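Spelled out, the chains give:
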Amino acid sequence: MFTMGLTSFEQIAIWAVFAIAWVGLGYAVFLRSQILREDKGTEKMQEVWNAIKDGANAYLQKQFRSIMPLIVILTIALFASVYVVPPSPEALERFEGQSEANVQIIIGIARAVAFVMGSFFSLMVGQIGMRMAIEGNVRVAAASKRSFGDALRIAYRAGTITGMLTDGLGLLGGTIIFIILGIAAPDALLGFGFGGTLLALFMRVGGGIFTKAADVGADLVGKVEAGIPEDDPRNPAVIADLVGDNVGDCAGMAADIFESYEVTMVSGLILGLALWHITGRLEWIVFPLMVRGIGVLSSIVGTYFVKAGKTGKAADAMTAIFSGFVTSAWISAALFFIAGFVYMHGIEDLTVDAFAAYGGWWRLPTAVGVGVLLAILIDRLTEYFTGTHASPVNDIKKSADTGPATLILNGITVGFESSVWSVLVIALTIIASIFIFGTIPGLEGAEKATYILYGVAMTGIGMLTLTGNNVAMDSFGPISDNANGIGEMAWSGKTDKATKDAQQIMADLDAVGNTTKAITKGVAIGSAVIAAVSLFGSFLVDVSRAQSSLGIPLAQQIQTIGIRVDIPQIFVGMLIGGALPWLFSSFAIQAVTRAASLIVLEVRRQFKLGVLEGKIKPDYAQAVSISTTAAQKELVSLALLGIVTPIVVGLTLGVEALGGFLAGIIVSGQLLAVFLNNSGGAWDNAKKLIEDEPKDPAKNLGKGSERHKAGVVGDTVGDPFKDTAGPALNPMIKVVNLVAVIIAPIVVQYQGLNWGTGLIAAALLGVLAWAVMRSKAPAQSMTANVGPEKVPAKKKPAKKK
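Cut-offs used in this document
- Residues numbered from 1 in each chain as written.
- Predicted model: local features only at pLDDT ≥ 70, side-chain atom pairs only at ≥ 80, totals over all residues.
- Heavy atoms only, no water.
- Axes fitted to C-alpha atoms, helices over the stretch in contact; angles between N-to-C directions.
- Helix = DSSP H or I, 4+ residues; strand = E, 2+ residues; numbered from the N terminus.
- Parallel < 35°, antiparallel > 145°, perpendicular 65-115°, else oblique.
- Left-handed = near helix turned anticlockwise from the far one by under 90°.
- Contact = heavy atoms within 4.5 Å.
- Nonpolar A, V, L, I, M, F, W, Y, C, P; charged D, E, K, R; others polar.
- 1 Å grid on protein atoms, 1.4 Å probe; cavity = no way out; pocket = protein on both sides within 12 Å on 5 of 7 lines; lining within 4 Å.
- Points joined across faces, edges and corners; volume = space filled by probe spheres on them.
- Salt bridge = Lys/Arg side-chain N within 4 Å of Asp/Glu carboxyl O.
- Buried < 20%, exposed > 50% of the residue type's maximum accessible area, 1.4 Å probe, protein only.
- Core = buried A, V, L, I, M, F, W, Y, C linked by side-chain atoms within 4.5 Å.
- Phe/Tyr/Trp six-rings, centres within 6.5 Å; stacked < 30°, edge-to-face > 60°.
- Expected span 1.5 Å × (residues − 1).
- Bend = angle between axes of the 7 residues up to and from the residue.
- Polar contact = N/O pair within 3.5 Å; in protein donor to acceptor, adjacent residues only side chain to side chain.
- pLDDT = per-residue confidence, 0-100.

### As for the packing of helix α10 (residues 363-386) against helix α15 (residues 497-549)
Orientation of α10 relative to α15, taken along the N-to-C sense of each, is 135 degrees, at an axis distance of 8 Å. Between α10 and α15, the interaxial angle falls into the category oblique. Viewed along their axes, α10 and α15 form a crossing whose handedness is right-handed. Contacts between α10 and α15 involve L374, A375, I378, D379, T382, E383 and T386 from the former and T515, A518, I519, G522, V523, G526 and I530 from the latter. Class assignment of the residues belonging to the contact of α10 with α15 gives a composition of seven nonpolar, five polar and two charged.

In structure tokens, the structure reads:
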């Protein structure tokens, strides 16, 4: 371990954090053994479950093959990137005695290995978490026959496995890199964060397109045209829909929050290193690691507060889940202050504030506490706008009386309003950082800005302290949704009381799952913005350091003069940054639209062949194949928008314009992501409220009514909003910011267009043009191979001997 002047207490603390990462992973293994011991239900339930499992595994294998070439190319590019600029002073100090060329090789290898490790960890979180969610869903369906409490417990703890994987692997990777590289860790941590973020983008985009193409197609033909229930086994797209819940909401969301967990740590350590240069104190670097360790332990304890009785309703499940979250929040907040007091107030003499010169020991734990409070506020805010008990969703439900148009308009207004309140909450969080760190006596200029941005990074670390709880809440959604679908398909036609009670339990858990998914998406969006602001601070620090190395005076450095939008090229950069989330969302929703159209045609075709009448069995594999093909088509092209655009802006317009570009994408992306997430979630729950009404066609109530059809249309419009474009914006914003931080020293080194940078920019513009054309190209029609003429031929009678 490179000690870099660490005290014995700090060394013990870092090794303790390393051990806690393994505790989190061990707890995931323990929960897995618990879940696998639960009953899997009837043979028919397991038959449906196996079809879901096979479809999800096939999709993830194909996705892995699609993204591997780009991962290899980027690994090589990251290794080569260290040769373009001289090694950092920290790297030279860490490897003192080595030549500059050797240090470049070591840092290049470290960055490339960290990138692969971040990618692999993100992939593990998504894939293992998804597989455990699939293991849980059939067991939740079986448990619903026993009690409400059992079904809730299994669903939540199956999701907690993914949460603990996210916590454990995120903390393990960051701690290992810090233990090995010490003050040179940020060079490699950028690769670690970029790898995790890029894989999250792939899994978010691919999973979102898959799940919503199947969902939209299944709902439009099944519910609206044929009038059959959701998850009716006669619907050929129903298995693809259930598979999509897992590859989108489980694998995609887990990878998304994992990379937020990584990125907030990366930005916190980079800014902490900058403060170490200013103050010579290591607390700025060590305390964030201690906070993350506390969060893992608090999440484990909170798991045991999520419980309910033998009977219950949706409100009881939501109360239990929120109880676990708040318990973890209180425990972690208390431990932050205890750890801060013991560590920073003075280990040897607790009567002396060793941090008095920097405003007092309380500032760091307070910033982290503000982050925890931010997570709770976003939790409550999102539940208000998307939950079934509050007025926004109930107003949307009432607007179904006058048709789908007014219902959609009402949902749009809910999304717009929720975006404003979310921005204000995040703005207040940043203002809190200004009050906490901007009031330290004697600070001014760039130094003061660094302290404040470090405070923002600490709020991000605090916000994701309860990652185990957040991911468990998110995975709870698709687990309960799949359990409901398995019950619908396996118990179709049964009307006994036990079955009806079990179906009601699963319907209640499914409705709660919609809200918990929306809440965690809100937290993910909020954390994305906080992480992006922190990375923006890291960008400013790295640019100033690169400018210093070139002899540029302090008065002319970016941290001193700032990002001046009155300069035309900087304003142009901000405009391009503000536009990118809209282009990205457009392509993502277009992909869902094209694939859903193919699903609609395929389901109609099979219905015409007599699937509804039972003449032939539905071909589930065809819809799975259509969704899989559509999802793979968009993976690389959408990722390239986030990777290549900041490089082009930096090379052509300069590093200051790149800063403006980042500011534009943060503001625009946050507003758009919250709008898409909350409007889609509100439409979904409004539809569920209509479905829960007593069925009465004469009064236009319940399933099958015109009001229900209006609700289904609204839900269908919202599906790609809340499950494809909105969530995918989170990793896209962070990919852009990480790329900007990585290339910033290179852009400073080669500022201004010359024939070399011009050729590179032209080539990258060609790559962008290819990505745009590929995203806009129509999907190859798969119906040509599955048309009506492909009806299975009747077998000829065997010849008599």
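### Some details on the side chain of D215
By the secondary structure assignment, D215 is in helix α6 (residues 185-225). Setting aside residues up to four positions removed in sequence, D215 forms contacts with D241 and D719.

### Remarks on empty space enclosed by the protein
Taken as a whole, this structure holds five cavities of 30 Å³ or more when the rule is applied. Reported here for the largest cavity is a volume of approximately 140 Å³. As for the largest cavity, its lining consists of 20 residues, and the residues nearest its centre are K212, D215, E230, D481 and D684. At the level of secondary structure, the elements contributing two or more residues to the lining of the largest cavity comprise α6, α7 (238-279), α15, α19 (655-691) and α20 (706-749). For the lining of the largest cavity, a count of residues per class yields one nonpolar, one polar and 18 charged. Considering the residues around the second largest cavity, the lining is formed by N514, K517, A518, K521, N677, G681, D684 and K722. The set of elements that each furnish at least two residues to the lining of the second largest cavity consists of α15 and α19. Here the lining of the second largest cavity takes four residues from α15, the largest share from any one element. Considered class by class, the residues forming the lining of the second largest cavity number one nonpolar, three polar and four charged.

### Comments concerning the pattern of salt bridges
A complete count under the given rule lists 30 salt bridges for this structure. Notably, a salt bridge pairs R146 with D150, separated by 3.3 Å at the nearest N-O pair. The closest approach of N and O atoms between E693 and R707, which form a salt bridge, is 2.7 Å. Placement of the pair is E693 in the loop between α19 and α20 and R707 in helix α20, with a sequence separation of 14 residues. This pair shows no difference in class: E693 is buried, exactly as R707 is. The structure contains a network of salt bridges with shared partners spanning K212, D215, D684, K687, D715, D719, K722 and D723.

### A word on the environment of T279
Checked against the element boundaries, T279 lands in helix α7. We classify T279 as buried; its relative accessible area is 15%. Taking the C-alpha atoms as reference, T279 lies 9.5 Å from A357; in sequence the two are 78 residues apart. The residues contacting T279, other than those within four sequence positions of it, are W284, Y358 and Y451.

### Let's talk about the nonpolar core
If you look at the biggest cluster of nonpolar residues, it comprises 264 residues, and the most contacted ones within it are F194, F287 and F539. When residues of this core are assigned to their parent elements, the largest contribution, 24 residues, is made by α7. Once you skip the residues sitting within four places of it in the chain, F539 turns out to touch I558, V655, L658, G659, L662, A740, V741 and A744.

### Remarks on the environment of W330
Mapped onto the elements, W330 comes out in helix α9 (residues 314-344). On the basis of relative accessibility, which here comes to 65%, the residue W330 falls in the exposed class. Along the primary structure W330 and V372 are separated by 42 residues, whereas in three dimensions their C-alpha atoms are 9.1 Å apart.

### What to know about the packing of α10 against helix α11 (residues 391-399)
Relative orientation of the contacting elements α10 and α11 amounts to 15 degrees, with a least axis distance of 5 Å. Here α10 lies roughly parallel to α11, going by the angle between them. On the side of α10, the interface is formed by Y384, F385 and T386, while α11 contributes S391, P392 and V393.

### Structural notes on the packing of aromatic side chains
For the structure on display, the rule yields 20 aromatic pairs. Ring geometry for W15 versus F18: centroids 5.7 Å apart, planes at 90 degrees, classification edge-to-face. Of this pair, W15 and F18 both sit in helix α1 (residues 8-36), three residues apart, roughly one helical turn. Their ring planes at 85 degrees and their centres at 5.5 Å tell us that W284 and Y451 sit as a pair that is edge-to-face. Highlighted residues: W284 in helix α8 (residues 283-303) and Y451 in helix α13 (residues 445-463), separated in sequence by 167 residues. Taken together through their ring pairs, the aromatic side chains of W284, F437, Y451 and Y454 make up a single cluster.

### Some thoughts on helix α17 (residues 568-608)
Across its 41 residues, α17 extends 60 Å between first and last C-alpha, which sits within 8% of the 60 Å expected from 1.5 Å per residue. At A579, α17 shows its maximal kink, close to 25 degrees; a proline, P581, follows between one and four residues later.

### With respect to helix α18 (residues 620-653)
Between the first and last C-alpha of α18 there are 51 Å, a value that for 34 residues agrees with the 50 Å anticipated at 1.5 Å per step. Most pronounced at L635, the bend in α18 amounts to some 30 degrees. Most of α18 is tucked away, with 26 of its 34 residues classed as buried. Between the side-chain oxygen at the start of α18 and the backbone nitrogen of A621 there is a gap of 3.3 Å, and the oxygen is on D619. Trailing α18 by a residue or two, G654 shows a phi angle of about 105 degrees, which is positive.

### Brief notes about the confidence of the model for the protein
With 95% of its residues at a pLDDT of 70 or more, the protein shows a mean pLDDT of 83. Across residues 782-801, confidence stays below pLDDT 50; counting only partners more than four residues off in sequence or on other chains, it has 16 contacts.

### Quick notes on the side chain of D723
Structurally, D723 can be placed in helix α20. The contacts of D723, once residues within four sequence positions are left out, are G208, K212, D249 and K521.

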